[in-house]
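What the coordinates show
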Amino acid sequence: MADGESLVLAIGADHGGVGLKSLLAGEARALGHEVLDCGTASEASVDYPDFAHAVAAAVLDGRARFGVLVCGSGIGMSIAANRHHGIRCALVHDATSARLCRAHNDANVLALGARLTGEEVAREALRIFLATPYEGGRHDRRLAKLAPPVTV
Ligand code: RB5
């Protein structure tokens, strides 16, 4: 995306990720983006797929350009989001994976694990995810092969 372009981000978390979600929502707003908060709003125990599905729906129906999902490990959120055709959710632990998932995989949802990834790394991952364009080219052919039905 163009430098300085304002985007809508759908953001969701379970109880394990709600604190990091707030921090990342603040970071996104500070970067000039709009946040569509899909919950959860407290540390009361909830089920991560509910929030992954809400964020995936917002990306797929065009309410949001990108999604951000946070749970304890990021694993459950990424599995749940990737059950949606058209969602390419990347579980990211560092700046390099944040860059590559956009440049090579055209990821449209970023998943983070609040119990595994520090706040500053998560913040940096979000900034890089949002700033990195998809490279296209040879990667288009590979993304086309992700469309169902997948045959091997
Ligand atoms: C919740 O305890 C935890 O299982 C969840 O946040 C996530 O890590 C699942 O993948």
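Here we summarise the structure given alongside this text. (Residues numbered from 1 in each chain as written. Predicted model: local features only at pLDDT ≥ 70, side-chain atom pairs only at ≥ 80, totals over all residues. Heavy atoms only, no water.)

1. Some points on the site of the ligand
- Every residue near the ligand is listed here: D14, H15, Y48, C71, G72, S73, G76 and R115.
- Take D14: an N or O atom from its side chain is 2.6 Å from an oxygen atom of the ligand.
- Between the ligand and the protein, one listed contact pairs an oxygen atom with a backbone N or O atom of G72 at 2.7 Å.
- The protein chains hide 70% of the 290 Å² of surface that the ligand would expose on its own.
- Taken together, the residues of the shell around the ligand sort by class into two nonpolar, four polar and two charged. (Near = heavy atom within 4 Å. Polar contact = N/O pair within 3.5 Å; in protein donor to acceptor, adjacent residues only side chain to side chain. Areas by Shrake-Rupley, 256 points an atom, 1.4 Å probe, with all protein chains shown as cover. Nonpolar A, V, L, I, M, F, W, Y, C, P; charged D, E, K, R; others polar.)

2. Focus on the nonpolar core
- Residues L24, V92, L112 and L126 are the most contacted members of the largest nonpolar core, which totals 25 residues.
- Elements represented by at least two residues in this core include exactly β1 (8-13), α1 (18-30), β3 (66-71), α4 (95-103), β5 (109-113) and α5 (119-131).
- When neighbours within four sequence positions are excluded, L112 is seen to be in contact with L20, L24, L69, V70, C71, S73, G74, L91, V92, A122 and A125.
- With 18 residues, the next largest nonpolar core counts A56, L69, M77 and A111 among its residues. (Core = buried A, V, L, I, M, F, W, Y, C linked by side-chain atoms within 4.5 Å. Buried < 20%, exposed > 50% of the residue type's maximum accessible area, 1.4 Å probe, protein only. Helix = DSSP H or I, 4+ residues; strand = E, 2+ residues; numbered from the N terminus. Contact = heavy atoms within 4.5 Å.)

3. Re the packing of α1 against α5
- One way to put it is that α1 packs onto α5 with a least axis distance of 10 Å and a crossing angle of 45°. One finds that α1 runs oblique with respect to α5. α5 is crossed by α1, and the crossing has right-handed handedness. Residues L20, L23, L24, E27 and A28 of α1 pack against E119, A122, R123, L126 and R127 of α5.
- Split by residue class, the contact of α1 with α5 holds six nonpolar, no polar and four charged. (Axes fitted to C-alpha atoms, helices over the stretch in contact; angles between N-to-C directions. Parallel < 35°, antiparallel > 145°, perpendicular 65-115°, else oblique. Left-handed = near helix turned anticlockwise from the far one by under 90°.)

4. What to know about a positive patch on the surface
- Taken together, the side chains of R138, R141, R142 and K145 make up a positively charged region of the molecular surface.
- Structurally, R141 can be placed in helix α6 (residues 138-144). (Patch = residues over 30% accessible without salt bridge, like charges linked within 9 Å, V, L, I, M, F, W, Y side chains within 5 Å. Salt bridge = Lys/Arg side-chain N within 4 Å of Asp/Glu carboxyl O. Lys, Arg positive; Asp, Glu negative; His and termini not counted. Charge placed at Lys NZ, Arg CZ, Asp CG, Glu CD.)

5. Here we look at the pairing of strand β2 (residues 34-37)
- Here β1 pairs with β2 via four bridges, running parallel. Note that in β2 the partner of V8 across the bridge is E34. (Pairing = 2+ DSSP bridges.)

6. Section: α4
- Of all the residues in α4, the buried ones are A98, C101, R102 and A103.
- Tucked into the core, α4 has its buried residues touching β3, β4 (89-91), α5 and α6.
- One side-chain oxygen of the residue at the start of α4 lies 3.2 Å from the amide nitrogen of T96, identifying that residue as D94.

7. What about the packing of aromatic side chains?
- Taken as a whole, this structure holds one aromatic pair when the rule is applied.
- Ring plane angle 70° and centroid distance 5.2 Å describe the contact between F66 and F129, whose orientation is recorded as edge-to-face. Of this pair, F66 sits in strand β3 while F129 sits in helix α5; the two residues are 63 residues apart in sequence, bridging distant segments of the chain. Like F129, F66 is buried.
- The ring of F129 has R102 sitting right over it, with the charged end atom 5.9 Å from the ring centre. (Phe/Tyr/Trp six-rings, centres within 6.5 Å; stacked < 30°, edge-to-face > 60°. Lys NZ or Arg CZ within 6 Å of the ring centre and 35° of its normal.)

8. Observations concerning helix α2 (residues 48-60)
- Given a rise of 1.5 Å per residue, 13 residues ought to cover 18 Å, and the 18 Å separating the end C-alpha atoms of α2 matches this to within 8%.
- Buried within α2 we find F51, A52, V55, A56, A58 and V59. Projected down its long axis, α2 carries its buried residues within an arc of 160°, all on one side.
- Considering only its buried residues, α2 is in contact with β1, β2, β3, α3 (75-81) and β5.
- One or two steps after α2, the chain reaches G62, where phi turns positive at roughly 90°. (Expected span 1.5 Å × (residues − 1). Arc of directions from axis to C-beta.)

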